[in-house]
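Architecture and fold: a report
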Amino acid sequence: MRAQKPLPRWVDIALMPALNVALAFVVGGLAVAAVGEDPFRAMQVLIFGAFGYGEGWGFTLHFATSFVFTGLAVAVAYHAGLFNIGGEGQAYVAGLGAIMVALWLDQTHWVFVLVGSTLAAMTFGAIWAMIPGYLQAKRGSHIVITTIMFNFIASAFMSYMLAQVITRPGANAETETIAETGRLPLLSEYFSAFTYSPLNITFFIGILALIFVYVLIWRTKLGYQIRTLGANPEAARYAGISAVAIIIIVMAISGALAGLMAVNEAVGVQKRLGVGYVQGFGFVGIAVAFMGRAHPIGIALAALLFGALYQGGQELAFVMPSVSSDLVVVIQALVILFTGAMSEMFKPVLLRLFNRGNGEPEPAGD
Amino acid sequence: MGQDSELAIDLRGVSKAFGPVQANKNIFMPIRRNSIHGIVGENGAGKSTLMSILYGFYHADSGEIFVNGTKVQIKDSSHALELGIGMVHQHFMLVDNFTVLENIILGAEGGFLLAKSLKAARSEMERLARDYGLEVDPDALVEDLSVGQQQRVEILKALYRGAEVLILDEPTGVLTPTEADHLFKIFEQLHAQGKTIILITHKLREIMAITDSVSVMRRGEIVTTLKTSETSPDNLAELMVGRRVEMDAQKTSGDPQKKVLEVKGLSVTDELGVPRVKNVSFDVRAGEIVGIAGVAGNGQSQLLEVISGMTEPLLGEIWINGKRVEFEGAKTAAKMRHLGLAHVPEDRLKTGLVAQFEEWENSILGYSEEPKYGAGQILSHKAAREEADQRIEKFDIRPPNCRLKTANFSGGNQQKIVLAREMDRELDVLIVGQPTRGVDIGAIEFIHKQIIAMRDAGKAVLLVSVELDEIRALSDRVLVMFDGKIVTELTPEASEREFGLSMAGVDPHEEESTPVATGKVSAGAKEGVR
Amino acid sequence: MNFFSDIILMLDSSVRLAVPILLAALAGLYSERSGIVDIGLEGKMLGAAFAAAAVAAVTGSPWLGLLAAIAVSSFMAMIHAIASINMRGNQIISGVALNFLALGATVFVGHSWFKRGGSTPNLSTEARFSPIELPFAEQLGGIPIVGEIYEQLISGHNLIVYVAFLAVPVTAWVLFRTRFGLRLRAVGENPKALDTAGISVTRLRYQALIIGGILCGLAGAYLSTGQGASFSDNMTAGRGFIALAALIFAKWKPVPVLWTCLLFGVLSAAQIRLQGVEFPLIGEVPVQAIQALPYILTVILLAGFIGRSVAPKAVGQPYIKER
Amino acid sequence: AEPALIYDAAGKNDKSFNEMAWNGAEMYAAANNLPYSDLEIQTDAQREQALRRFARSGASPIVVPGFTWAEPVSVVAQEFPDTNFAIIDAVVDLPNVRSVLFKEQEGSYLVGALAALKSETGTIGFVTAFDFPLLQAFGCGYVQGAKAANADIEVLQNFIGTGFEAFGDINTAGEIGRSQVERGADVIFAAAGGAGEGALQAAADAGVYGIGVDSNQNYLFPGNMLTSMVKRVDIAVLNAFQDELDGNFTAGVQVLGLAEGGVSAAMDEFNAPLITPEMQAVLDDFIAKINSGEIVVHDYRSDNSCPVS
Ligand SMILES: Nc1ncnc2c1ncn2[C@@H]1O[C@H](COP(=O)(O)OP(=O)(O)OP(=O)(O)O)[C@@H](O)[C@H]1O
Ligand SMILES: Nc1ncnc2c1ncn2[C@@H]1O[C@H](COP(=O)(O)OP(=O)(O)OP(=O)(O)O)[C@@H](O)[C@H]1O
Ligand SMILES: [Mg+2]
Ligand SMILES: [Mg+2]
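Now for a look at the structure at hand. What you see is a predicted model; the values in this text were computed from it and never measured.

1. Things to note about the sheet that holds strand 19 (residues 477-482) of chain B
Residue and element names in this part refer to chain B. Spatially, the six strands line up as an open sheet ordered 16-17-18-13-19-20, and their pairing is mixed. Both outer strands of the open sheet, strand 16 (341-344) and strand 20 (485-490), are each paired with one neighbouring strand and no more. Each strand axis lies, on average, 20° off the axis of its neighbour in the sheet, ignoring direction. As judged from the five bridges shared by strand 13 (residues 288-293) and strand 18 (residues 460-464), these two strands associate in the parallel manner.

Shown next as structure tokens:
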């Protein structure tokens, strides 16, 4: 064997992921075939449902927006070397802040609701994440345990709040509904293509969050310190970076990002807060963050993929009743597995393909 | 096969590529039985790779290997061990939280239950200790051992498995002269027992002292193989680097000015509360290099950490330019830099660099807050990269690409990245730990020149090194540390004997007084630099 | 007597609540000691719980159910192995994928078999693991304290409970007294050391993951055919994550894992009994505060007394020999 | 037009509420030999979408079980005034929406009375998923009935978890059931969807009695199932489908209590041996009094509290 050329960049970032997604669909297709449906048509339905028309796009982007938030939350913490499994709880508690402010301001104008609930969601999410951050930084409590525990505690706390404190009498453990005057505008009000989709103005906050995280991590000194700490804590100590401060700040930012999901989902769509509104999106965020390699562009793409799977999957369940939502979860799992965990599967094959009949070996040394 | 059975090892046409890097190219290397064969070459020349192939760790892409005249396909390391080939790696292959004994038997346990294997290994270890003077406490945790002792564990591992051919990859890179001397005594014993030894080293003195023959490698290829008796260090250096190398730092005497760094009554304890530095006081003036000599693990590392602000002292003060430094947690290290102190840490990859960062990102490590890298919170990639590019040129860092991942630079160039960052700025005090560890002679020459240039530019330089030669070549004054204390101050010209005594804890100036118990060395050496 | 037997009953309940977490945490121990992060404990347990209940329901045999549970869980462990060992993939993503896979596949397969939305039919007594009376339990039960503890607390659990408790000393023994254990500990700390000693890192990690798969299989079978008697959608309800937390809490050591899981069992059992109880001075506390008690106390204990837990050094990083 | 049914988030086969709805649809299909459509949703945001899809495809009526549907139905029903909708467990005040409510408290009252009558220890138990008004209404009715039958009865009440996942956690439910038995309960009412079976199993294993919920679960552990609090969601769905077919669909609020046959304590061959004539007599008396309005069972949801505990 001669020295091998590395793969061209487009193969690395476009072809390989595409092959992996394709493989996930092939395996998922087998399951579809197993229930007696045509896998090719299923795939067609799924893709058309996700991207084929305005409403589908709207749903896809709406889900993607939530995943962007929970995904960024995991990613930012990851850059500091912290594994935040607590997005689920952070988004849940953030919902409390968001809805309280939204209900307080809903007689004014949606702009106030948007600004107020965004700030409140971020604050509540940040606080809920900062406590594990503080315990890790100051007491050495392992962040993974604490964030897992905080998910359970959030669930209990929110159950109490929704059933006993800010509950709407006569309803089932949920808050009052936001008044018409205070509802966030849907994008369908401006772009008729999105009609009937829940895509709302929070979408733009999602884009801002992506840009914010890019700038924060790669274009600010704080981001530089975060990455230093995450990649080599000893080097951070050498550089005079305070691990305690960075950990607490990063967890606060992470929680605030997870919290933004509340604005999109609770304030924007459900217009009230109910039990378990996060629906596991916090855990999807883990997959999104790692599949996106903790980079905003990657996260945007991974979130879009998951949004498409959620929306296309629903379409699939509608068109093909035997393909239940559980099978769609299976397909999602396969996509996570093949594009995320087995992403290099095709690399050896591709390397051989691209190295056939060429390759002047480079000399070693400097 | 009719091969010359004189040869213990014969490599014929071995090649190996890592992705795009051709690490070894058509290597031929015959090694006579019961000889000591040296391999020299610059960082990244492919020495370790070649030996790892012989040891079965990597598989050659092409080429043949003969062991004792028989052609073999070495499947994996256990196969190599069966063939009697043992290797002590450049970076130790030890499990830190295992005992010595556990490390020795790992992979050669001999049975399903450990108790029996451990017992057998213990008596075998005693035998080896007797035969070769390789003494280590079998029940000590490896992480508590000094590097020198860890080294012995590695050699014991190989011998325990019955190695007839012993490969040692830069075994003295981290050893003190005393430890190195001890190692060479062991080599003599092994040699006397008929073993074959392959030695990779950057220290040509060692090659000259003990090898029978030597191969020179450059850029993955063998430049030549010579009888040691027919060559000289200068000649070897030239073959390696491809040009003449200045082997001795050309130093004029210094011109010390005012005191810049003052250390007063400093005491430091480690996380476990063990005193590491005990009431140390000294000062460094502008325009002088003060060397701190001593066996690794006698408190030098902790001293450096405190002076650079990375840890807080238990007692004592540090003054820079006549101002007392207040310690305030993690930020102190950053504050020290503001005060004009630059720090080249002992371990570049563990402390001084972030391996995953691009070169330019490491070029601002510790200084990222400075306004020249962007106003306020903004980090200007452009400014940082421009500066990095200038440094790359100034310090001849290769490859000259500031966007390359730091892990992809060779060790010598990584060291240059750190030096460039710390030296190429306004500063008053430079503290340097182990500046040339594991770097090739070309880089050593360069680094030494830079350090002297700093002094000549009127900076105060504090140099910590376990290489006595280096200390003596560079320093204007030498402080010898033992068991956390400064035993004495010597001039670089002081005799070997004076250095030897003081590094063992005896102040040669008051020789009549009772020596400090030498048994303490290992206790002090626990923290060992790795 | 009354108070004493209350305590015994509560401890009995604690034991039952601790078992699935204990088995899963031990599974995680093998995996993470070998250097592979195992966030997919939840999924493996869920998959196993389904397989056990489904096969036991169809065949009427808990043993076949157990075999199926172990097979499914080990199969999932092998997916994790291929992704994280052979393909050097991200171990966290692989674990997350397994969790999703189990969540969807159990219900999907279950529904197509039993048409009960993923739930399995209720198992008859013969199709479950039933309590085992230890020898002389009844006779000794008369002896105060010791006898009662023997009869009520130690005797009368199902087989998997005893296996789980036995797995702790066995794990400790394997880990610290055998060749396999030595290599396992080594590969999680410094895989290269093992590789240069001529031992295959890949093989060892596979072995560790298979053991983890078997243990998760037991945990799942316990949930659906031991403690419970059917499978229900997402019935693990976060136990895999609790197990992961317990493993870290116990600093990856077998005996502390046992104590941590028992502690968690006690807290959970106490939580059930404290719901709705009026406390002196405080009065009645919101039931959710009681329900959150185990989690809150875990956080407090962790912050107050446990100190830093240091993972096996190589955990989470794929072993890359040649770039 | 073909009728349609969209399940709530717990899914079609939750062994209780949604499954009952599905049973109703199946009854319709069997009786008329006609098809219907159904769909499970994955997330909350898909509710309106699902309604709209069916409305556009011409389905009518579109039946949705679950209060969570109130908001989406009120939006979509206005967009499709010619389509009929029916919602269960919530009120949507629109001319083309039928709202069906159940008086769970009344049925629970009956099974509570039965439990108290059957109990020999003077302690009975209630296990539910989590603190949720609908579930609390079951519990509150249960306690009221029990106290009415035996003023000294003690009722142990436990929650399995703190969110919807508690509906699947049969193991914790089982452990709770056991703990209630250990604390003296000899009748346990499990109102926790699929997880409830865990508590019923625990009761059966201990040789005491369990009470099922939503559908008739008496068959589960014959001899150990005292009764089931049946909530006839199936009838609500069947009626909506059938009325449309027969051209009799009416909008407005329907409240299905004991009198309307919407809730009841299930009696069948499985539990007949357990119910003595005396118990039946007391029960009949309560039924008569509730139907006549002499007894008004308090609904927890009306003020988020329960007068007895
Ligand atoms: N898709 C990606 N996944 C992971 N990391 C990425 C990705 N794209 C870029 N990065 C990393 O993000 C950092 C900044 O990336 P980017 O390429 O946007 O900036 P840049 O090229 O450094 O800036 P400039 O615009 O000045 O050239 C780099 O460390 C790069 O390695
Ligand atoms: N595992 C590996 N994967 C990819 N490349 C490698 C690997 N090991 C070494 N290389 C590359 O192969 C070349 C030869 O490296 P090698 O370690 O053999 O050099 P060396 O002569 O031992 O250098 P040094 O004196 O620094 O120890 C270098 O370019 C190095 O970066
Ligand atoms: Mg080398
Ligand atoms: Mg760029």
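2. A closer look at the sheet that holds strand 14 (residues 315-320) of chain B
Strand-to-strand pairing in sheets goes through backbone hydrogen bonds, with the strands running parallel or antiparallel. Residues and elements named next belong to chain B. Overall, antiparallel pairing links the four strands, which are arranged 12-11-14-15 in an open sheet. Each edge of the open sheet carries a strand with a single partner, namely strand 12 (275-285) and strand 15 (323-324). Relative to strand 12, strand 11 (residues 259-269) runs antiparallel, the two sharing seven bridges. Residue pairing for strand 12: valine 263 is matched across the bridge by phenylalanine 282.

3. A few points about the site of ligand 1
The full set of residues close to ligand 1 is Tyr214, Trp218, Arg219 and His295 of chain A together with Glu358, His381, Arg385 and Arg403 of chain B. Between ligand 1 and the protein, one listed contact pairs an oxygen atom with a side-chain N or O atom of arginine 219 of chain A at 2.7 Å. The contact in question runs from an oxygen atom of ligand 1 to an N or O atom on the side chain of arginine 403 of chain B, over 3.2 Å. Protein chains shield 55% of the accessible area of ligand 1, which is 620 Å² for the free molecule. Secondary structure elements with two or more residues in the shell around ligand 1: helix 7 (202-219) of chain A together with helix 13 (381-394) of chain B. Here the element with the most residues in the shell around ligand 1 is helix 7 of chain A; it accounts for three residues. For the shell around ligand 1, the class distribution of residues is two nonpolar, two polar and four charged.

4. A look at the packing of aromatic side chains
Within this structure, the stated rule accounts for 44 aromatic pairs over all chains. Summarising the aromatic geometry, the rings of phenylalanine 48 of chain A and tyrosine 53 of chain A are spaced 5.5 Å apart at their centres and angled 25° between planes, so their arrangement reads as stacked. Phenylalanine 48 of chain A sits in the partly exposed class, given a relative accessible area of 47%. When the centroid spacing of 5.9 Å and the interplanar angle of 50° are considered together, the rings of phenylalanine 264 of chain C and tyrosine 295 of chain C count as tilted. A residue pair is termed long-range when its members are at least 10 positions apart, and phenylalanine 264 of chain C in helix 12 (residues 254-274) and tyrosine 295 of chain C in helix 14 (residues 293-306) qualify at 31 residues. Three or more aromatic residues joined by ring pairs form one cluster here, namely Phe59, Phe63, Phe67, Phe281, Phe306 and Tyr310 of chain A.

Calculation rules
Residues numbered from 1 in each chain as written. Chains lettered and ligands numbered in written order. Predicted model: local features only at pLDDT ≥ 70, side-chain atom pairs only at ≥ 80, totals over all residues. Heavy atoms only, no water. Pairing = 2+ DSSP bridges. Helix = DSSP H or I, 4+ residues; strand = E, 2+ residues; numbered from the N terminus. Axes fitted to C-alpha atoms, helices over the stretch in contact; angles between N-to-C directions. Near = heavy atom within 4 Å. Polar contact = N/O pair within 3.5 Å; in protein donor to acceptor, adjacent residues only side chain to side chain. Areas by Shrake-Rupley, 256 points an atom, 1.4 Å probe, with all protein chains shown as cover. Nonpolar A, V, L, I, M, F, W, Y, C, P; charged D, E, K, R; others polar. Phe/Tyr/Trp six-rings, centres within 6.5 Å; stacked < 30°, edge-to-face > 60°. Buried < 20%, exposed > 50% of the residue type's maximum accessible area, 1.4 Å probe, protein only.

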